[in-house]
Amino acid sequence: RQMEVFGYELLYRDGTGNSANIMDGDEATARVVVNTFLELGIDQIAGNAYAFLNLTANFFLSQQYEVLPTKNVILEVLETIDPTPEVLQALIQARQKGYLIALDDFILRESHRALMEHADLVKVDVLALTNEELKQQVEMLKEYPVRLLAEKVEDQGMYEQCLTLGFEYFQGYFF
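Throughout what follows, the structure given in this document is the object of discussion. (Residues numbered from 1 in each chain as written. Predicted model: local features only at pLDDT ≥ 70, side-chain atom pairs only at ≥ 80, totals over all residues. Heavy atoms only, no water.)

### A short note on the nonpolar core
Part 1 of the argument: Grouped together as the largest cluster of nonpolar side chains are 44 residues, with contacts concentrated most on F60, L75, M116, V122, L134 and F167.
Part 2 of the argument: Take this core: its biggest share by element is five residues, from helix α4 (residues 85–96).
Part 3 of the argument: Setting aside residues up to four positions removed in sequence, L75 forms contacts with L53, L55, F60, Y65, L68, A94, Y99, L100, I101 and A102.
Part 4 of the argument: By size, the runner-up hydrophobic cluster in this structure holds seven residues, among which are I74, L121, L149 and Y169. (Core = buried A, V, L, I, M, F, W, Y, C linked by side-chain atoms within 4.5 Å. Buried < 20%, exposed > 50% of the residue type's maximum accessible area, 1.4 Å probe, protein only. Helix = DSSP H or I, 4+ residues; strand = E, 2+ residues; numbered from the N terminus. Contact = heavy atoms within 4.5 Å.)

### Re the sheet that holds strand β7 (residues 169–170)
Part 1 of the argument: Spatially, the seven strands line up as an open sheet ordered β1-β2-β3-β4-β5-β6-β7, and their pairing is parallel. Of all the strands in the sheet, just β1 (7–10) and β7 have a single pairing partner and so form its edges.
Part 2 of the argument: Pairing analysis gives five bridges linking strand β2 (residues 50–55) to strand β3 (residues 73–77), with the strands arranged parallel. Bridge pairing in β3 places A51 opposite V73. (Pairing = 2+ DSSP bridges.)

By themselves, these figures tell us nothing about what the structure is for.
Below is the structure:
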């Protein structure tokens, strides 16, 4: 909201282009972890900001994320992860260990409502929703003690709309 950097999303890329051909989500996550934390170092990448890291269900269930520091890493639950009892327990354990949890590309629906109790931030893809749907989502999400992050903010108008709706953090080409 103050136009300051809060964090960086660390994404897997398999070349010089701004895209990824991900055949195995676990492998992509492992490569990001190795490149960021072992080869380059988190301080080189994010400085004092947070590093958002997409994790697969396997990374949560196996607790492989424990090699990551808790002070400046936010673990993202991908939208493809189902809230099974095992996943929910893994999220409880991650938060007990001091990690912040973000729900990525999240749309609140009954089948995924259980995830809300284990999240610190919710990332909403603002381009995936109409203006009315976005407003409805924000109203429902505000019932939970989470911070809202607007993803894919492309221009000043979208930023101002999201600011008015109550988003606290913003991500996208506009920035």
